[in-house]
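Residues per chain, in single letters:
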Amino acid sequence: MKVRIEVTDNLKEDEVLIRCGRVDESIRKIHQFILEQSQSGPKITFYKQNQEYYFPLEDVLFFETEGDRVYAHTADDAYFIKYRLYELEQMLPRSFVRAAKSTIVNIRQIYSVTRNLTSSSLVQFSNSHKQIYASRFYYRELRQRLSERGNNET
C-alpha cells in the first residue's frame, strides 16, 4: 500500500481520497477510522454541585438515568448532564451503545461482560469498581459493537 500526503495551500476544507483496486475489509477499516477522526464529537458540559467540568467523552464509562436526571459516570465520579438518553444516543459516537432502558455504555471502557441467559448480564469496566447490568433486550447490539471493537483494534 502506498501512502501519500499532498499539501495544497488554498483548500477551504481538508479532503482525504482513498484510491484502491477494490474495497476490502482493510479499506473499510481505514475509511471508518478517518471518519471517526474527522468528527469532532459532541461537546458535553458535565456538572457537579455548582461547578462545570469539561473533559473528553472517552473518560465516560456510562450514562445512566436516576429519577429524572441523567448522570455521566467516570471511573471515580458521577456528573449531572443536561441531555436525555435518547438525545445522547443521537449525538454520541459509535463507541457508545444502549445497554439497558436507562443506560448507555462506552464500549471502549468495558473490561468484561458476564452473560446471564435468564436475566441481565453484568458489565464491568477497566480501572473502576463501577458496574452496570445490560438487559437481554439490548445485549445483542452490545455484543455486536464489542465484537466490532475487537476487530478494529487488531
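Higher on the page you've got the structure.
Presented here is a report on the structure given in the accompanying data block.

What counts and how
Residues numbered from 1 in each chain as written. Predicted model: local features only at pLDDT ≥ 70, side-chain atom pairs only at ≥ 80, totals over all residues. Heavy atoms only, no water. Salt bridge = Lys/Arg side-chain N within 4 Å of Asp/Glu carboxyl O. Helix = DSSP H or I, 4+ residues; strand = E, 2+ residues; numbered from the N terminus. Buried < 20%, exposed > 50% of the residue type's maximum accessible area, 1.4 Å probe, protein only. Pairing = 2+ DSSP bridges. Axes fitted to C-alpha atoms, helices over the stretch in contact; angles between N-to-C directions. Core = buried A, V, L, I, M, F, W, Y, C linked by side-chain atoms within 4.5 Å. Contact = heavy atoms within 4.5 Å. Phe/Tyr/Trp six-rings, centres within 6.5 Å; stacked < 30°, edge-to-face > 60°. Lys NZ or Arg CZ within 6 Å of the ring centre and 35° of its normal. Polar contact = N/O pair within 3.5 Å; in protein donor to acceptor, adjacent residues only side chain to side chain.

Quick notes on the pattern of salt bridges
- Considering all chains together, one arrives at six salt bridges under this definition.
- Across the pair Glu 89 and Arg 98 runs a salt bridge, and its minimum N-O distance is 2.9 Å.
- For Glu 141, the salt bridge goes to Arg 145, with nearest N and O atoms at 3.0 Å. One end of the pair, Glu 141, and the other, Arg 145, are both in helix 3 (residues 136-152), four residues apart, so they sit about a helical turn from each other.
- Overall, the relative accessible area of 35% leaves Glu 141 in the partly exposed class.
- By relative accessible area, which is 12% here, Arg 145 ends up buried.

As for the sheet that holds strand 10 (residues 131-134)
- Taking strand neighbours across the sheet as the criterion, the three strands line up as 8-9-10 in an open arrangement whose pairing is antiparallel. The open sheet has two edge strands, strand 8 (110-114) and strand 10, and neither has a second partner. Across this sheet, the average inter-strand angle for adjacent strands is 25 degrees, counted without regard to direction.
- Bridge analysis of strand 8 against strand 9 (residues 121-125) gives four bridges, and the strand direction is antiparallel. When the bridges of strand 9 are listed, Val 113 appears paired with Val 123.

Quick look at the nonpolar core
- Grouped together as the largest cluster of nonpolar side chains are 15 residues, with contacts concentrated most on Phe 46, Phe 63 and Leu 88.
- Of all the secondary-structure elements, those providing two or more residues to this core are strand 4 (69-73), strand 5 (78-81) and helix 2 (85-91).
- The residues touching Leu 88, leaving out its near neighbours within four places in the chain, are Ile 44, Phe 63, Val 70, Ile 81, Tyr 83 and Ile 104.

Some thoughts on the packing of aromatic side chains
- This model, assessed by the stated rule, comprises nine aromatic pairs.
- Taken together, the aromatic side chains of Phe 46, Tyr 53, Phe 55 and Tyr 79 make up a single cluster linked through ring pairs.
- Here the basic side chain of Arg 69 rests over the ring of Phe 80, its NZ or CZ set 4.0 Å away from the ring centre.
- The residue whose ring lies beneath Lys 82 is Tyr 47, and the NZ or CZ to ring-centre distance is 4.6 Å.

Things to note about the pairing of strand 3 (residues 62-66)
- Note that strand 3 and strand 4 share five bridges and pair antiparallel. The residue bridging Thr 65 from the neighbouring strand is Val 70, located in strand 4.
- Here strand 3 folds back onto strand 4, and the loop between the two strands holds two residues, one of which, Gly 67, carries a positive phi near 65 degrees.
- Here strand 3 runs beside strand 7 (residues 103-106); their pairing, made up of three bridges, is antiparallel. For Glu 64, the partnering residue across the bridge sits in strand 7 and is Thr 103.

Regarding the side chain of His 73
- Summarising the element assignment, His 73 is placed in strand 4.
- Polar side-chain contacts of His 73 include one of 3.3 Å to the side chain of Lys 130.

Some remarks on the pairing of strand 10
- Only one face of strand 10 is buried: it carries Ile 132 and Ala 134, and the other face, with Gln 131 and Tyr 133, is open.
- The pairing of strand 9 with strand 10 spans four bridges and is classified as antiparallel. Bridge pairing in strand 10 places Ser 121 opposite Ala 134.
- Between strand 9 and strand 10, which pair antiparallel in sequence order, lie five residues; one of them, Asn 127, sits at a positive phi of approximately 55 degrees.

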